[in-house]
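Single-letter residue listing:
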Amino acid sequence: QNTYTCVCKQGFTGADCEQDIDECAEDEPVCAKNAGCSNTHGSFTCDCLSGYDGDPYNEGDGSVECHDVDDCASDPCQNGGNCQDAGPDAFDCVCGDGWIGEVCEVDVDECMDGTDTCDDDALCTNEDGGYSCGCNMGYTGDGRSGSYVEDGNIVDWVGCNHIDDCSNSPCLNSGTCNDAGAQAF
């Protein structure tokens, strides 16, 4: 027959203080919202869940919480992409024109995929984040076809226009020049 009683330290229970109390299983949460609890011998630890930061311990009133980390703080989007935090451990990049990929790291080759606006008589050259158009030999202009909007007005591209090879009168001794196409007379 026992003739003693034990006064257990915090974290232990039982007649001889032999049983560890699992604070993580108690009705009143010991860890903050968005934090995980780990029972240890005679105590417990709290850690903010992945993607969260702050004080992981509940002060008893339940008001403390780990906050979502700003996943855009490190500026993960490349080439001018706009980062939008999408919750814990997540972000989305909204890529600018000419770029695709998870972090806007892939240049779109508009010349290869047919999204360029180069004139039929122009050469398309892919560039980082875009492309350029240059009229073929024997043609002049901006190299683009179609229209664009500038200051609220629709403006037409010039395109490529055939150069009149006879305009500088290349034929000597009263010869008649007949323009036969690009760079030909």
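Residues numbered from 1 in each chain as written. Predicted model: local features only at pLDDT ≥ 70, side-chain atom pairs only at ≥ 80, totals over all residues. Heavy atoms only, no water.

Asker: Please give an account of the environment of glutamate 110 that cites residues and values.
Answerer: Summarising the element assignment, glutamate 110 is placed in helix H1 (residues 110-113). Each C-alpha atom of the pair glutamate 110 and glycine 130 lies 7.1 Å from the other, and the pair is 20 residues apart in sequence. Contact partners of glutamate 110, with chain neighbours within four places excluded, come to Gly98, Thr115, Asp116, Asn126, Gly129, Gly130 and Tyr131. (Helix = DSSP H or I, 4+ residues; strand = E, 2+ residues; numbered from the N terminus. Contact = heavy atoms within 4.5 Å.)

Asker: So, the side chain of glutamate 23: which residues are in play, and what are the values?
Answerer: Among the structural elements, glutamate 23 can be located in the loop between strand S2 (19-20) and strand S3 (35-40). One buried charged residue, glutamate 23, forms no salt bridge at all, with the nearest opposite charge on lysine 9 at 13 Å. (Buried < 20%, exposed > 50% of the residue type's maximum accessible area, 1.4 Å probe, protein only. Lys, Arg positive; Asp, Glu negative; His and termini not counted. Salt bridge = Lys/Arg side-chain N within 4 Å of Asp/Glu carboxyl O.)

Asker: Please provide a residue-by-residue account of the packing of aromatic side chains, values included.
Answerer: By the definition in use, this model includes two aromatic pairs. Taking the centre distance of 6.1 Å and the plane angle of 55° together, the rings of phenylalanine 44 and tyrosine 57 count as tilted. With phenylalanine 44 in strand S4 (residues 43-48) and tyrosine 57 in the loop between strand S5 (52-53) and strand S6 (67-68), the pair connects residues that are 13 residues apart, well separated along the chain. Residue classification places tyrosine 57 among the partly exposed positions, given a relative accessible area of 31%. (Phe/Tyr/Trp six-rings, centres within 6.5 Å; stacked < 30°, edge-to-face > 60°.)

Asker: Account for unusual backbone geometry, naming residues and giving values.
Answerer: Backbone geometry at aspartate 75 places phi at a positive 55°, although glycine is not the residue there. Locating aspartate 75 in the fold gives a position in the loop between S6 and strand S7 (82-85). Although it is not a glycine, serine 174 sits at a positive phi angle of roughly 65°. Within the secondary structure, serine 174 is located in the segment after strand S16 (160-162). You can call serine 174 exposed: its relative accessible area is 76%.

Asker: An account of the environment of aspartate 128 is requested, with residue identities and associated values reported.
Answerer: Residue placement: aspartate 128 occurs in the loop between strand S11 (122-127) and strand S12 (130-135). Ignoring sequence-local partners within four residues, the contact set of aspartate 128 consists of Trp99 and Asp107.

Asker: Kindly report on the state of the cysteines, identifying the contributing residues and their values.
Answerer: For the structure shown, the criterion picks out 11 disulfides. Cysteine cysteine 6 shares no disulfide, and the gap to the nearest cysteine sulfur, in cysteine 17, comes to 4.7 Å. In this model cysteine 171 remains outside any disulfide bridge; the closest cysteine sulfur is found in cysteine 177, 4.3 Å from its own. For cysteine 171, a relative accessible area of 29% gives the class partly exposed. (Disulfide = S-S within 2.5 Å.)

Asker: Just give me the short version of the pairing of strand S15 (residues 153-156), but keep the residues and values in it.
Answerer: Where strand S14 (residues 147-150) lies against S15, four bridges are found, and the strand directions are antiparallel. Note that in S15 the partner of serine 147 across the bridge is aspartate 156. (Pairing = 2+ DSSP bridges.)

Asker: Please give an account of the pairing of strand S8 (residues 91-94) that cites residues and values.
Answerer: The pairing of S7 with S8 spans four bridges and is antiparallel. Residue asparagine 82 lies in a different strand from S8, and its bridge partner there is valine 94.

Asker: Describe the confidence of the model for the protein chain, and please don't skip the residues or the numbers.
Answerer: Per-chain confidence: the protein chain averages 90 in pLDDT, with 95% of residues scoring 70 or above. By mean pLDDT, the top-scoring element of the protein chain is S8 (98), and the lowest-scoring one is S14 (84). (pLDDT = per-residue confidence, 0-100.)

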